[in-house]
Amino acid sequence: MAAAAAPSKPLALKVPLTVKELAEKIYVSPGELIKHLLGMRVLATINQLLTEEPVEKLLKIYGYQYERMQTLEEKIEAGHEEEDSSKLKPRPPVVTFMGHVDHGKTSLLDAIRQTRVVEGEAGGITQHIGAYRVMLPKGTIAFLDTPGHEAFTAMRARGANVTDIVVLVVAADDGIMPQTEEALDHAKAAEATIVVALNKMDKPSANPERVKKQLMEHGLMSEEWGGKTIVVPVSAKTGAGIDQLLEAILLEAEVLELKADSTRTARGVVLEGKLTKGGGPVAHVMVQNGTLRVGDAVVSGTVWGKVRAMLDARGHRLEEAGPSTPVELLGLGGVPKAGDTFLTAPDERQAREIATARQEKFRESKEPVRRAVTLEEFHQQMEAGKLKSLNLILKADVQGSAEALRGSLEKLPTDRASLKFLHVAVGAVNESDILLAEASSAVVIGFNVQMTPEAEVLAKEERVDVRLYRIIYEAVNDITAALEGLLEPKLIEQSLGRAKVLQVFRVTKVGAVAGCQVIKGKILRNAHARVWRGQEKLHQGKVDTLKRFKDDVKEVTEGIQCGLSVSGFNDYQPDDVIEAFEVQQIAQKL
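Fair warning: this is a prediction, and the values are worked out from it, not measured in the lab. What you see as residue numbers is a count from 1 along each chain, following the sequence as written. Under the rules for a predicted model, residues below a pLDDT of 70 receive no local features and side-chain atom pairs below 80 are neither given nor counted, while totals for whole chains, interfaces and linings still include all residues. To get the side-chain values, take all heavy atoms of the structure and skip hydrogens and water.

**Description of the sheet that holds strand β6 (residues 94-99)**
To keep it simple, the criterion reads: Two strands form a pair only when DSSP identifies at least two bridges running between them. Counting from the N terminus, the helices are DSSP H or I runs at least four residues long and the strands are E runs at least two residues long. Lines fitted to the C-alpha atoms define the axes, with helices restricted to the stretch that makes contact. Angles between their N-to-C directions range from 0 to 180 degrees.
In space, the six strands of this open sheet follow the order β7-β8-β6-β9-β10-β11, with mixed pairing throughout. Only two strands of the sheet have a single neighbouring strand rather than two, namely β7 (131-136) and β11 (231-233). On average, each strand axis in the sheet is inclined to that of its neighbour by 30 degrees, with strand direction left out of account. Relative to strand β8 (residues 139-144), β6 is paired through three bridges, and the arrangement is parallel.

**Focus on the pattern of salt bridges**
When their charged atoms lie close together, side chains carrying opposite charge are able to pair. Counted only if it meets this: Within this document, salt bridges are pairs made up of a side-chain nitrogen of Lys or Arg and a carboxyl oxygen of Asp or Glu, the two lying within 4 Å of each other.
Enumeration according to the criterion identifies 19 salt bridges in this entry. The salt bridge partner of Lys212 is Glu224, with a shortest N-O separation of 2.8 Å. Highlighted residues: Lys212 in helix α8 (residues 208-217) and Glu224 in the loop between α8 and β11, separated in sequence by 12 residues. What you see here is one network of salt bridges that share partners, running through Glu209, Lys212 and Glu224.

**Notes on the pairing of strand β16 (residues 297-300)**
Put simply, the test is: With a 1.4 Å probe rolled over the protein chains alone, any residue whose accessible area is under 20% of its type maximum counts as buried; one over 50% counts as exposed, and the rest are partly exposed.
Neither face of β16 is left uncovered, since the one carrying Ala297 and Val299 and the one carrying Val298 and Ser300 both have all their residues buried. In this sheet, strand β17 (residues 303-311) lies alongside β16 in antiparallel orientation, the contact comprising four bridges. When the bridges of β17 are listed, Ser300 appears paired with Val303. What sits between β16 and β17 in their antiparallel hairpin is a turn of two residues, with Gly301 showing a positive phi close to 60 degrees. Here four bridges tie β16 to strand β21 (residues 341-345), and the two strands are oriented antiparallel to one another. Its bridge partner lying in β21, Ser300 is registered against Phe342.

**Some details on the sheet that holds strand β24 (residues 442-447)**
With parallel pairing, four strands are arranged side by side in an open sheet as β23-β22-β24-β25. Of all the strands in the sheet, the pair left with one neighbour each is β23 (418-426) and β25 (466-469). The sheet shows a mean angle of 20 degrees between the axes of neighbouring strands, taken without regard to direction. As defined by bridge partners, β24 adjoins β25 across four bridges and the pair is classed as parallel. When the bridges of β25 are listed, Ile445 appears paired with Arg467.

**Examining the packing of helix α2 (residues 30-39) against helix α3 (residues 52-61)**
The geometry of a pair of packed helices is captured by two quantities: the angle between their axes and the separation between those axes. To keep things clear, this is the line we draw: Angle categories: roughly parallel below 35 degrees, roughly antiparallel above 145, roughly perpendicular from 65 to 115, and oblique for all the rest. Working rule for handedness: look at the near helix, and if it is turned counterclockwise from the far one by less than a right angle, call the crossing left-handed; if clockwise, right-handed. In what follows, residue pairs with any heavy atoms lying within 4.5 Å of each other are defined as contacts. Only Asp, Glu, Lys and Arg are considered charged in this grouping, and only Ala, Val, Leu, Ile, Met, Phe, Trp, Tyr, Cys and Pro are considered nonpolar; every other residue, Gly among them, is considered polar.
Look at α2 against α3: their axes get within 11 Å of each other, and the N-to-C directions meet at 115 degrees. In terms of orientation, α2 and α3 fall into the roughly perpendicular class. Viewed along their axes, α2 and α3 form a crossing whose handedness is right-handed. The segment α2 lies against α3, with Leu33, His36 and Leu37 engaging Pro54, Leu58 and Ile61. Of the residues belonging to the contact of α2 with α3, the class tally is five nonpolar, one polar and no charged.

Written out as structure tokens, the structure is:
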């Protein structure tokens, strides 16, 4: 047997790999590795796939130190992250319009499009991309035509920060409405630069001074009043002020110093993906860095393809698209999701390899990626230096309750972490609140309100922590406990399934393995388990080994036979029942 060498030699490996492949890498026989694995209570065959943990242990025995080999995707991503500052050039800003439903977002966008995009062009514009560019004497602006702040936040929740500047459209006669407040809070949470467009200035009832006062109350002080927010009076109906609005956007873009390198391979974000009758899968994308060319191999999410054609907002074919350019892309093998990033691979083979690796990863982890944070986790992440403030979204039955609860929470002594209120409003907890919480790692606090059915489903899917209270001090106590790291999670047990022991096998160096049949539900590897003999509970542990014939499996369903062992237990007898269950942490509801 090989003696452990000192110091350890680093060995880069792509895991998972088979016992045979590992044996070849370190020049030992597969049989020798299988013996060591048995000593680790791992039953393996020569073609068994090994995960990182056993690989690391085996390498240590032979004097090697395991290093994870960089995947092809990681290599390409690392190449993208290396910026050459000498090649960075200014890029056009990407702008999103937000505001209350009937304050004129669409008519304002249409007015900009008609007066600036299609001057002198017969037949107008075929608006089939959710974005378009406006060329001005002083620069170019890319506009995103999103349906509202929910779409904006949903994309941000998927990790796509596309927008540089948000234009908040407020009707000069109506002023700030609940939906305006919501849009404003979503824009602030994204830390986007905000320009205010005071629309409907042609109406006799327009009162811009009243709106500026309302804006000030929401933390947006206009430049005229000594603040930093540009407020532009406009009229989508007459076209007045549109030039000034576009100039204001370019001015803010100048301050932001937006730059990109057009010489490198392209990467960007999918704005929308759909399946068309004639063209197959179509993706509307925004190029953020580099230049995308016809013929490039592209990967987005788990789909890949070769760019067959690119069209701009007018339906004209393009050969290439630089930074901040929205295009319609044809040639992908499937429909990508809105908010997914796309990147260019060196060739089609490598694009396929990246997409396949992502598909496997997606299949392996059925758990969704958690972006939100729970009250239980907050202190832990704060101690690790990951979080410095607890983001809260507060919904209450009446304005008075919302202010009282906010006031009580703001008085909490918070030396090491601050409380940040992203959105405070009256009404039920809705989908928009959950999206904002997911995108901003926030906790939702509801006082004397319920959740809408849609919000309940979305919160469960995205694992957003929603707390509903009826008494103010209980909400204050929970937040205090979260800040101090003292909040006890509420645990609930959920039964997965039961298996009946039919036969007992003795395996050298492993101990007893129970040959079972699943009689109800399913058994999962690593699930919590209890061993019952009649009415007596003999032992509680975890499902250590789960096999079908000689293969390791993740789950076995009702009616199927399997071999399993529970950690720390060897005394199985026929007719014993093994019960598998999981323990879930749930939001405390009163």
